[in-house]
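Residue-level structure breakdown
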Amino acid sequence: MNIQKPVNSVLNLIGNTPLLEVTNIDTGPCKLFLKLESQNPGGSIKDRPAKYMIEDAEKNGKLFRGGLIIEATAGNTGIGLALIALLRGYKCLIVVPDKMAKEKIIHLEALGAEVIITRSDVEKGHPEYYADLAQSIADKNKGSLYINQFGNQANLNAHFEWTGPEILHQLSNKVDAFCAGVGTGGTITGVGKALKKINKNCDIILADPVGSILEPTFKTGIIPDHVGSWLVEGIGEDYIPPLLDLKIITHAYAISDKEAIDTCHLILKKEGVLAGSSSGTLISAAIKYCKEQNRPKNVVTLVCDTGNKYLKIYDKNWLVENKYN
Ligand SMILES: Cc1ncc(COP(=O)(O)O)c(C=O)c1O
């Protein structure tokens, strides 16, 4: 029996997440493993960078007792930050684009964070774009800390020093491919570099929503001037985020919202895992990659967050109304 010893803070339960092998879905000659980041206390992979970024700011004297933490986020980083802020006595203000799930906003407010909802139909550089708005609020609040996950090296380090090595440990260093989406690029770059340190031939697979500029940029080398829109939350970009090292990516797949939702249903029905919408994008891309291989490989992808935050994608009526059935 794998029994955990008692811990004295929920923050000590971040990380050390289980790795589940997919056994009831066709993955060609490959073994596909799902890292269940949904089991972090805040319900997502973002608890890890939230902890790293706050501890980095504490160590570097950028955050003081009772200080105000500000961040722009699709919600999950905010939940991680708000959880840590609550337990360590900081104030927290989160700027969220209006397409994000209501459940995340309720969760943030219940954790005591102030939530500012802004437009999701504007691009970087617009004053109402979530990151630009968070920066301008921070500029007006002297002594506050703008976490800026998009430009914060501690975000990437959380995955390079923690998530990546954890995956390697769980698979005795035998990892042939890793598949992730890109929000800030911290996960794919940090985990990717950790895996490549052990196996330089490890494939790094980008799972990108149709409409994002990342997959076409990877495939053509040209940044498209048109950005589409997509339903899945937390991944897909309208620019190349500074933490993303495009050079480590070896494969890329553009996945439609319909494919992502269908894959969420598949993973629930076949493996019993209630995954968030973006995990459908990742798992769909990982399965495509697996089926294209002609030799056995260990492939890892993520259940980035729990489907409890997006129950609508499991709701029959919503699927019919939105033509995803
Ligand atoms: C919900 C969600 N958030 C975040 C990420 C990755 O984020 P980042 O690139 O910011 O590390 C992913 C996917 O890999 C995701 O599915």
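Residues numbered from 1 in each chain as written. Predicted model: local features only at pLDDT ≥ 70, side-chain atom pairs only at ≥ 80, totals over all residues. Heavy atoms only, no water.

1. Brief notes about the domain arrangement of the protein chain
- As far as domains go, the protein chain holds domain 1 (10-39 + 163-321) and domain 2 (47-146).
- With centres defined by C-alpha atoms, the gap from domain 1 to domain 2 works out at 24 Å.
- The partner domain 2 presents 18 residues to the 23 residues of domain 1 that form the contact.
- Where domain 1 abuts domain 2, roughly 1,600 Å² becomes buried across the two surfaces, and 53% of that area is made up of carbon and sulfur atoms.
- On the domain 1 side of the contact with domain 2, Leu11, Ile14 and Lys309 bury the most area, a combined 39% of that side's loss.
- Note that Glu166 and Arg48 form a salt bridge whose closest N and O atoms lie 2.9 Å from each other. (Domains from an automatic or database assignment. Contact = heavy atoms within 4.5 Å. Buried area = accessible area lost by both parts, 1.4 Å probe. Salt bridge = Lys/Arg side-chain N within 4 Å of Asp/Glu carboxyl O.)

2. Examining the side chain of Asn155
- Take Asn155: it is sitting in helix 5 (residues 153-170).
- Among the polar contacts made by the side chain of Asn155, one reaches the side chain of Thr184 at a distance of 3.0 Å.
- Beyond its immediate chain neighbours, meaning those up to four positions away, Asn155 contacts Pro49, Met53, Gln149, Thr184, Gly186 and Leu243. (Helix = DSSP H or I, 4+ residues; strand = E, 2+ residues; numbered from the N terminus. Polar contact = N/O pair within 3.5 Å; in protein donor to acceptor, adjacent residues only side chain to side chain.)

3. As for the environment of His265
- When you line up the elements, His265 lands in helix 8 (residues 257-271).
- Overall, His265 belongs to the buried group, its relative accessible area being 19%.
- Along the sequence, His265 and Gly280 sit 15 residues apart, while their C-alpha atoms lie 8.4 Å from each other.
- Each residue touching His265, except ones within four places of it in the same chain, is listed here: Ile313, Tyr314 and Leu319. (Buried < 20%, exposed > 50% of the residue type's maximum accessible area, 1.4 Å probe, protein only.)

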